[in-house]
Each structure stands twice: as C-alpha cells, then as structure tokens.
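Below are the chains, spelled out letter by letter.
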Amino acid sequence: MAVDGIEGIKSAATEPVALGIVAGLRIGKPVGIFGASWLMDRFSSAVKDNDYTWTDMFGMSVVAGIGFTVSLLVAELSFATGSPHNDHAKAGILFGSMLAAVMGGIMLLTRNATYKKIRAHGVDPDVYDN
C-alpha cells in the first residue's frame, strides 16, 4: 500500500471505505464490547468483578478498537489486491487503530491519575466508582 503525501492522505481520509472502518474501530467496537458487558451484567447471572469499575471497562473497550489482524484479513478478503479500496481500507485500519490507542491510552492514564489521587487521600478506590 502506498499513501503518497498529503494528497494520498486526503484521498484516504475522504474515502467512505476508510471512514467506515475508522468509525467501526472507534465507535462500533467500544459500543459493542461495553454494551454487551453491561447487558450481561444487568440481565444475566454473570456479574462484573468488583476489582474494576465501569469506567475501567469503558476505557478497555476503547483500547479494544486497536484491531490490526482480523481487520486486515477482512480487508484483504473483501477488496482485490492493489485496488484503491484495499489501500484505503488499510489506511483506515491504521488510522482507526492509532486513534483507539491514543484515546484509550488517555482515558486509562486519566483513570490511573484519579485512582492515585484517591489513594493519596486514604480512600479505597474499590468502593469509589462501582
């Protein structure tokens, strides 16, 4: 795949295939993972472990948007090798995964800083956000 310079990036950023993949990795995966976990906790005998909070679960569901292997396999099977859609799909996978990593990392770093402040004030973080 070759995305050459600014024009190549603009082309990939406006292509519906790439935008759909970015949306799927950035929005679809967190909604699916967090939503399924919440539904299972709420409506089945499965319960969330008290060692982590729903905020933790949401942060990890955002990080789960880092999806290279299966996304690349599906893109390879969906679009002909060398086609513009294949190249745009790969660019979308890379950009969506990068966004998920950065945004999930920021969320979890913020969470860690919050827990550090809570511990500094002598409060048990396990009962703070459940």
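Residues numbered from 1 in each chain as written. Predicted model: local features only at pLDDT ≥ 70, side-chain atom pairs only at ≥ 80, totals over all residues. Heavy atoms only, no water.

## Considering the packing of helix α2 (residues 16-43) against helix α5 (residues 84-120)
In step 1: Axis separation between α2 and α5 bottoms out at 8 Å; the angle between their running directions is 30°. Our classification of the angle between α2 and α5 gives roughly parallel. Pair α2 / α5 crosses with right-handed handedness. Taken together, the residues of α5 that come into contact with α2 (itself represented by V17, A18, I21, V22, L25 and R26) are H85, H88, A89, G92, I93, F95, G96, S97, L99, A100 and M103. (Axes fitted to C-alpha atoms, helices over the stretch in contact; angles between N-to-C directions. Helix = DSSP H or I, 4+ residues; strand = E, 2+ residues; numbered from the N terminus. Parallel < 35°, antiparallel > 145°, perpendicular 65-115°, else oblique. Left-handed = near helix turned anticlockwise from the far one by under 90°. Contact = heavy atoms within 4.5 Å.)

## A short note on the packing of α2 against helix α3 (residues 54-63)
In step 1: Close contact between α2 and α3 brings their axes to 8 Å; oriented N to C, the two are set at 145°. For α2 against α3, the interelement crossing comes out right-handed. Across from R26, K29, P30, I33, F34, S37, W38 and D41 in α2, the residues of α3 making contact are W54, M57, F58, S61 and V62.
In step 2: Within the contact of α2 with α3, the residues separate by chemical class into 8 nonpolar, 2 polar and 3 charged. (Nonpolar A, V, L, I, M, F, W, Y, C, P; charged D, E, K, R; others polar.)

## Re the pattern of salt bridges
Pairing is possible between side chains of opposite charge, provided their charged atoms come close.
In step 1: Under the counting rule described, the total for this entry stands at 2 salt bridges.
In step 2: Across the pair R111 and D56 runs a salt bridge, and its minimum N-O distance is 2.4 Å. Remark: D56 occurs in helix α3 and R111 occurs in helix α5; sequence separation between them is 55 residues.
In step 3: Owing to a relative accessible area of 6%, D56 belongs among the buried residues under this scheme.
In step 4: One salt bridge connects E76 with K90, and the closest N-O pair in it is separated by 3.4 Å. On the criterion of sequence distance, the pair formed by E76 in helix α4 (residues 69-78) and K90 in helix α5 is long-range, its members being 14 residues apart. (Salt bridge = Lys/Arg side-chain N within 4 Å of Asp/Glu carboxyl O. Buried < 20%, exposed > 50% of the residue type's maximum accessible area, 1.4 Å probe, protein only.)

## Things to note about a nonpolar patch on the surface
In step 1: A cluster of nonpolar side chains, contributed by F95, M98, V102, M103 and I106, occupies part of the molecular surface with about 460 Å² of accessible area.
In step 2: The topology assignment puts M103 in helix α5. (Patch = residues over 30% accessible without salt bridge, like charges linked within 9 Å, V, L, I, M, F, W, Y side chains within 5 Å. Areas by Shrake-Rupley, 256 points an atom, 1.4 Å probe, with all protein chains shown as cover.)

## With respect to the confidence of the model for the protein
In step 1: When pLDDT is averaged along the protein, the result is 86; 89% of the residues meet or exceed 70.
In step 2: Across the protein, the secondary-structure element scoring lowest on mean pLDDT is helix α1 (residues 5-14), at 75, and the one scoring highest is α2, at 93. (pLDDT = per-residue confidence, 0-100.)

## Structural notes on the side chain of S61
In step 1: Mapped onto the fold, S61 is located in helix α3.
In step 2: Judged by relative accessible area, which is 1%, S61 ranks as buried.
In step 3: Polar side-chain contacts of S61 include one of 2.7 Å to the backbone oxygen of F58.
In step 4: With residues near it in sequence (within four places) discarded, S61 still touches K29, P30, I33 and F34. (Polar contact = N/O pair within 3.5 Å; in protein donor to acceptor, adjacent residues only side chain to side chain.)

## Comments concerning the packing of aromatic side chains
In step 1: A complete count under the given rule lists 3 aromatic pairs for this structure.
In step 2: Between F34 and W54 the ring centres are 5.6 Å apart and the planes differ by 80°, which places this aromatic pair in the edge-to-face class. Within this pair, whereas F34 is found in helix α2, its partner W54 is found in helix α3, the two being separated by 20 residues in sequence.
In step 3: Looking at W54, the relative accessible area reads 21%, which means it is partly exposed.
In step 4: Pairing W38 with F43 gives two aromatic rings, centres 6.1 Å apart and planes at 85°, and the pair type is edge-to-face. (Phe/Tyr/Trp six-rings, centres within 6.5 Å; stacked < 30°, edge-to-face > 60°.)

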